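Structural characterization, general
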Amino acid sequence: MTGRPVSSRRLAALLVACVVALTGALVTPATADAAPDVGEYLDLPLVNRDAAHGPGGVNPALPTDPKVLGTLLAEARSEGVAPTSYRALLLQYWLADTTRAAGIDLASWNPRAGVSANRANLAKSYQYYKDLQLKHRELQWAGMGGLVGADFGGGLLDFELATGVYEFSRMAPVAHAIVGETNRLFGPAYRGLPDGLRALARVGATITAADLRHVQASILVMQKNIFSDLMPMHRAYVTGGLPALREMRAAGLFPADVMTAWEQIATKTPDGIAAGNARLLRREQGEVIDEQWDAVRGYRGDVGEAMTYASTLAGSPSVAGVPPLRSYKPLRIDAATVAGRTVRVTVPLPSWNWSVFDERWDYIVHELLPKYRFQIENRWPALRRELRIPSDVQMEQHRPIRTIVPTLESALATLKVETT
């Protein structure tokens, strides 16, 4: 055979073509089908919907990349899979999409890692809440949650301090003095004092760093649980509207009355917005974290009781017109003396405990909800300025534990006794 000699360039090109052809011929079906199969992710339980069980999303078997999750979700829909079968996949998608929008890494989000490890997640969570309110006036739960949440975040920063143990130690003798003075006036059998105050008097000096870490972790778990339950709904609402929420409802991710709440919010009428957001707030406080607050209050007997009462003593939400928790229903003691006269003692301390749902909800419906609504409807420019304060700055501004001891000391100094 004769012909022109093959150049080195043509020879190289020919070899490359042969390699490509050979490689293509050797591709196996397994390689071609490397994309995940949606069947692997159907009917998964929501084993980590309560973040107490571990880091990451709602089930460790699920991806955390919203693009991958979106592809799987589209496949499930196209195949006519029932929403109840892809429930975990759907919630994971919206949660992953929300955390990405907020700048949080879902895969590594672990509330049990402590306050310092989660400080950025706290700030980003509450910033995302507030940004939603700034862009969507009807999303009042998000705005109020961002403001109040950042306040509690500041409290968590203080609780983490090693000196927090010292602060509790200093609180104990003051609480003990208040209890002692009451006993002197009314007798040691008098039961009018809050259980938390009595517990603080008994064990405040013995609360340890391990106790503080346990309670901190429990509150961080609650914070993630709230975000993971309600923020995916908000993200679905602002990006997919009511149809996206109806799919979540069809999957069984929330009850019918929560869907009704979103429909009320979507009317963008004042009463509809108020009613819908109130239902979301009740879901947060009465369904998502209620049992967890009970568990914190019950931790090591008097220790949990004392620490939750101390948090009530220190709490001061950043909503204009809303009093600090300690000023709502302050402690008033009435008793009859031997002479038949009535003695009233007023102490500027809370008569209630934030960790008790009925008492917490009473404060919310009489103070937080109506006064936040008033700000939205009548003082929007001032509220907008508050919402625009970066959440990490707001958290620093509301580090309350340094004020607990002065508050207790003030309560002792201003103990008022009146007779009638």
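The following paragraphs examine the structure supplied in this document. Worth saying up front: this structure is predicted, and the values here are computed from it rather than measured. (Residues numbered from 1 in each chain as written. Predicted model: local features only at pLDDT ≥ 70, side-chain atom pairs only at ≥ 80, totals over all residues. Heavy atoms only, no water.)

Brief notes about the overall build of the chain
Counted only if it meets this: Secondary structure elements are defined from DSSP: runs of H or I of at least 4 residues count as helices, runs of E of at least 2 residues count as strands, and each element is numbered from the N terminus. For every residue, the accessible area obtained with a 1.4 Å probe (protein chains only) is divided by the maximum for its type, and the residue is called buried under 20%, exposed over 50%, and partly exposed between those limits. In this description, accessible areas are obtained by the Shrake-Rupley approach with a 1.4 Å probe, and a residue is regarded as covered only by the protein chains that are shown.
What the chain contains, in helices and strands, is 17 helices and three strands. A buried classification covers 51% of the 420 residues belonging to the chain. Of the roughly 19,100 Å² of accessible surface on the chain, a fraction of 56% belongs to carbon and sulfur atoms.

A look at the packing of aromatic side chains
Rule in force here: Stacked, tilted and edge-to-face are the three classes assigned to paired rings of Phe, Tyr and Trp, where Trp is represented by its six-membered ring and a pair needs centres within 6.5 Å; plane angles under 30 degrees give stacked, over 60 edge-to-face, the rest tilted. Only Lys NZ and Arg CZ are tested; either one counts as a charge over a ring when it is within 6 Å of the ring centre and within 35 degrees of the ring normal.
Applying the stated criterion across every chain, the model contains twelve aromatic pairs. On the basis of an interplanar angle of 90° and a centroid distance of 5.7 Å, the ring pair of Tyr 126 and Tyr 129 is categorised as edge-to-face. Of this pair, Tyr 126 and Tyr 129 both sit in helix H5 (residues 115-135), three residues apart, which is roughly one turn of that helix. Residue classification places Tyr 129 among the buried positions, given a relative accessible area of 2%. Taken together, the ring pairs in this structure connect Trp 109, Tyr 126, Tyr 129, Trp 141 and Phe 227 into an aromatic cluster. Across the ring face of Trp 354, the terminal group of Arg 360 is positioned such that the distance to the ring centre comes to 6.0 Å.

Remarks on the environment of Pro 255
How we decide: Contacts were defined at the residue level, with two residues in contact if any of their heavy atoms lie within 4.5 Å.
One can find Pro 255 in the loop between helix H9 (209-250) and helix H10 (256-266). You can call Pro 255 partly exposed: its relative accessible area is 31%. Contacts of Pro 255, omitting those with residues within four sequence positions, involve Arg 249, Arg 279 and Arg 283.

A short note on helix H14 (residues 357-378)
Here is the rule: Expected span of a helix: the number of residues minus one, times 1.5 Å. The quantity called bend is, for any residue, the angle between two axes fitted respectively to the seven residues ending at it and the seven beginning at it.
With 22 residues, H14 should reach 32 Å at 1.5 Å per residue; the first-to-last C-alpha distance of 30 Å fits that figure. The sharpest bend along H14 reaches about 40° and sits at Ile 364.

Here we look at the side chain of Glu 284
Just so we agree on the cut-off: His residues and chain termini do not enter the charge count, which takes Lys and Arg as positive and Asp and Glu as negative. The working definition used for a salt bridge is a side-chain nitrogen of Lys or Arg within 4 Å of a carboxyl oxygen of Asp or Glu.
Note that Glu 284 resides in helix H11 (residues 270-288). Buried charge Glu 284 goes without a salt bridge, the closest partner of opposite sign being Arg 360 at 7.4 Å. Residues within four places of Glu 284 in sequence aside, it is in contact with Trp 141, Ile 226, Leu 230 and Ile 289.

Considering the environment of Leu 253
With respect to the helices, strands and loops of the structure, Leu 253 is situated in the loop between H9 and H10. Leu 253 sits 20 residues away from Met 233 along the chain, and the two C-alpha atoms are 9.7 Å apart. In contact with Leu 253, other than residues within four places in its own chain, are Leu 46, Arg 49, Arg 87, Leu 90, Leu 91, Met 248 and Arg 283.

Thoughts on unusual backbone geometry
Trans is the common state for peptide bonds, and a negative phi is the common state for residues other than glycine. One non-glycine residue, Asp 43, lies in the positive phi region at around 60°. Mapped onto the secondary structure, Asp 43 falls in the loop between helix H2 (29-32) and helix H3 (66-78). The exposure class of Asp 43 is exposed, given its relative accessible area of 57%. In this model, Arg 300 sits at a positive phi of 50°, which is unusual for a non-glycine residue. The exposed category is assigned to Arg 300, whose relative accessible area is 52%.

Quick look at the nonpolar core
The following threshold applies: To define a nonpolar core, start from buried Ala, Val, Leu, Ile, Met, Phe, Trp, Tyr and Cys residues and group those joined through side-chain atoms within 4.5 Å.
In this structure, Trp 141, Leu 197, Leu 245, Met 248 and Trp 262 are the most contacted members of the largest nonpolar core, which totals 114 residues. Considering each element in turn, this core owes the most residues, 16 residues, to H9. Leaving out residues up to four positions away in the same chain, Met 248 has contacts with Leu 90, Leu 91, Trp 94, Pro 232, Met 233, Ala 236, Leu 253 and Phe 254.

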